[in-house]
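# Examination of the molecular architecture
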Amino acid sequence: MKAFLAGGLAAIGLGSGLAFADTAGSEWAPTIFQLDNGMDVVVLPDNRAPVVTHMVWYKVGAVDEDPGKSGIAHLFEHVMFKETDDIGPEEFTTIVQRNGGQLNAFTSWDYTAYYERVAKTQLERMMELEAERMTDLIINDDPDGPFISERDVVKEERRQRIDNNPGVILQEQVMSALYQDHPYNITVIGKMDEVGALTPQDGLDFYRKWYTPSEAILIVAGDVTPEEVRTLAERTYGQIESTSTEIAERGWQEVEPLAETQLITHRDPKVRQPEWERWYLATSYTQDRDFAYALDVAMDVLGGGRTSRLYQALVEEQKIANDASAGAWLSLHDTAPAVLSASPSEGVSLDDLEAAYMAVVDDVLANGFTEAEVERSRNSLAASAIYQRDSQAGMANLYGRTLAVGGTVDDVMSYPDDIRKVTTEDAIAALRRVLAEDKNYIEAHLLPEEEEQAAEESQTDE
């Protein structure tokens, strides 16, 4: 199953006709169970080394933020590392690292996750630490306290990672136009003014609603047995009472189709390589799994790597582009975007690049794919999913991400087999459905600031 924002990355150059072992074999046999307080648990045994990857996934992300409170899901990820009534300031990270572990966290529109990778002897300690910050996090009005200080850290993070990056600024503008009134229209880190206005009470309300066992999934991958994990989980997380008697309603909603095609151009003096993109609304694994799998294959054939139609035509043959790709963010819960993109070779205009790019697309839409192309992509995607099992952390991540948006263990286990069932007709039908002539889209141009414009602005500043 391809990862979020991973369009094209799974393209491994395998020849057609390659055979694979059955993917539902016993080597990866997850065990799932639920604690009495509603916390789901997934155990992924991997006995190659005496280490474990311990992850807690909360079923909350930026999509669940109240209006005017954008950025609180991500801000909360920061606050979780600060202090509890039993863990001093910054002590959480120190404890993990002093025990030889690695740790981090991440927030998306659909979920928030925390992980530690440690020796198996430290697994119970990691559970104690995560259980402690699930229940006793300190949030107060102290200007130097955990919430307000981290709010300032996030504002600075936004300045550095978003406001100082022309490509990300353009993506933020595109997502805002593509998703209109849907929560995906706001970047996960949030709007600067809304982040700055978040209060400790907002933090407490968010914490009490979402950080509870019934909204969490525990994933443990590594040198453990399901029985060991069950014993430790019941002794730590199992002692926590759920703070809510009702399942919180997620912010997911239907995505309205685009009413018209739009062009968004962003110019910035920091741009060194222009970029051309088209963004269409497509589907997701959660919405329509068969459609999404067919689109997975179609996008891979079209623009999934250096053997793809687009790369071969535009980069290798015509030499009109430095890069050309196509992909879709299908692991989002709601309707995901399919993105066509390319960067021109020196001296090539975006208009000429677009004409050449769309000529390739139009030829594919009219004449379809070959059986060999589709077979190669099917095998490549299936192989990528199988090889991902070599990574303990990668598997924990994949299961957590899938379950957090409503998928199942079977969805993960059966992906390699299911993707190999996609036919050539399925793949081209999916592509035609997304890129049909009556489908509106957002076209995005990233360009360097024009010299005349820069000069005018310089004079104005003077």
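Criteria and cut-off values
Residues numbered from 1 in each chain as written. Predicted model: local features only at pLDDT ≥ 70, side-chain atom pairs only at ≥ 80, totals over all residues. Heavy atoms only, no water. Axes fitted to C-alpha atoms, helices over the stretch in contact; angles between N-to-C directions. Helix = DSSP H or I, 4+ residues; strand = E, 2+ residues; numbered from the N terminus. Parallel < 35°, antiparallel > 145°, perpendicular 65-115°, else oblique. Left-handed = near helix turned anticlockwise from the far one by under 90°. Contact = heavy atoms within 4.5 Å. Nonpolar A, V, L, I, M, F, W, Y, C, P; charged D, E, K, R; others polar. Buried < 20%, exposed > 50% of the residue type's maximum accessible area, 1.4 Å probe, protein only. Phe/Tyr/Trp six-rings, centres within 6.5 Å; stacked < 30°, edge-to-face > 60°. Lys NZ or Arg CZ within 6 Å of the ring centre and 35° of its normal. Pairing = 2+ DSSP bridges. Salt bridge = Lys/Arg side-chain N within 4 Å of Asp/Glu carboxyl O.

Axis separation between helix H1 (residues 72-79) and helix H4 (residues 146-163) bottoms out at 9 Å; the angle between their running directions is 120°. By the angle between their directions, the pair H1 and H4 is classed as oblique. In terms of crossing hand, the pair formed by H1 and H4 is right-handed. Counting all contacts with H1, which are made through His 74, Leu 75, His 78 and Val 79, the residues of H4 involved are Pro 146, Phe 147, Glu 150, Arg 151, Val 153, Val 154 and Glu 157. Classifying every residue of the contact of H1 with H4 by side-chain character gives 6 nonpolar, 2 polar and 3 charged.

Further remarks concern helix H14 (residues 409-419). Listed as buried for H14 are Val 409, Asp 411, Val 412, Met 413, Tyr 415, Pro 416 and Ile 419. Residues of H14 that are buried make contact with strand S1 (31-34), helix H9 (289-303), helix H12 (371-387) and helix H13 (392-404).

Further remarks concern the packing of aromatic side chains. Throughout the structure, instances matching the rule amount to 20 aromatic pairs. Both rings, one in Trp 109 and one in Tyr 184, keep their centres 5.5 Å apart while their planes meet at 50°; by these two values the pair is tilted. A residue pair is termed long-range when its members are at least 10 positions apart, and Trp 109 in the loop between strand S4 (102-107) and strand S5 (112-119) and Tyr 184 in the loop between helix H5 (166-179) and helix H6 (192-196) qualify at 75 residues. The exposure class of Trp 109 is buried, given its relative accessible area of 7%. Ring centres of Tyr 280 and Tyr 441 lie 5.1 Å apart, and the angle between their planes is 40°; this geometry places the pair in the tilted category. In this pair, Tyr 280 is assigned in strand S8 (residues 275-281) and Tyr 441 in the loop between helix H15 (424-434) and strand S11 (442-448), connecting sequence segments 161 residues apart. Overall, Tyr 441 belongs to the buried group, its relative accessible area being 16%. Sitting over the ring of Phe 33, Arg 230 keeps its end group 4.0 Å from the ring centre.

It is worth spelling out unusual backbone geometry at this point. What you tend to see is this: most non-glycine residues have negative phi, and most peptide bonds are trans. At Gln 180, a position not held by glycine, the phi torsion is positive, near 45°. Along the chain, Gln 180 turns up in the loop between H5 and H6. Even without being glycine, Lys 319 reaches a positive phi, approximately 55°. Take Lys 319: it is sitting in the loop between helix H10 (309-317) and strand S9 (321-328). Judged by its relative accessible area of 57%, Lys 319 is exposed.

A few words now on the sheet that holds strand S7 (residues 262-268). Within a sheet, neighbouring strands are paired by backbone hydrogen bonds and run either parallel or antiparallel to one another. The 5 strands lie next to each other as S7-S11-S8-S10-S9, forming an open sheet whose pairing is mixed. Strands with a single pairing partner mark the edges of an open sheet, and in this sheet they are S7 and S9. Adjacent strand axes in the sheet meet at a mean angle of 10° when their direction is disregarded. By the bridge criterion, 7 bridges tie S7 to S11 in an arrangement that is parallel. Among the inter-strand pairings, His 266 is bridged to a residue of S11, identified as Leu 446.

In the structure shown here, the tally under the stated rule is 23 salt bridges. Linked by salt bridges that have partners in common, Lys 82, Glu 90 and Glu 150 make up one network.

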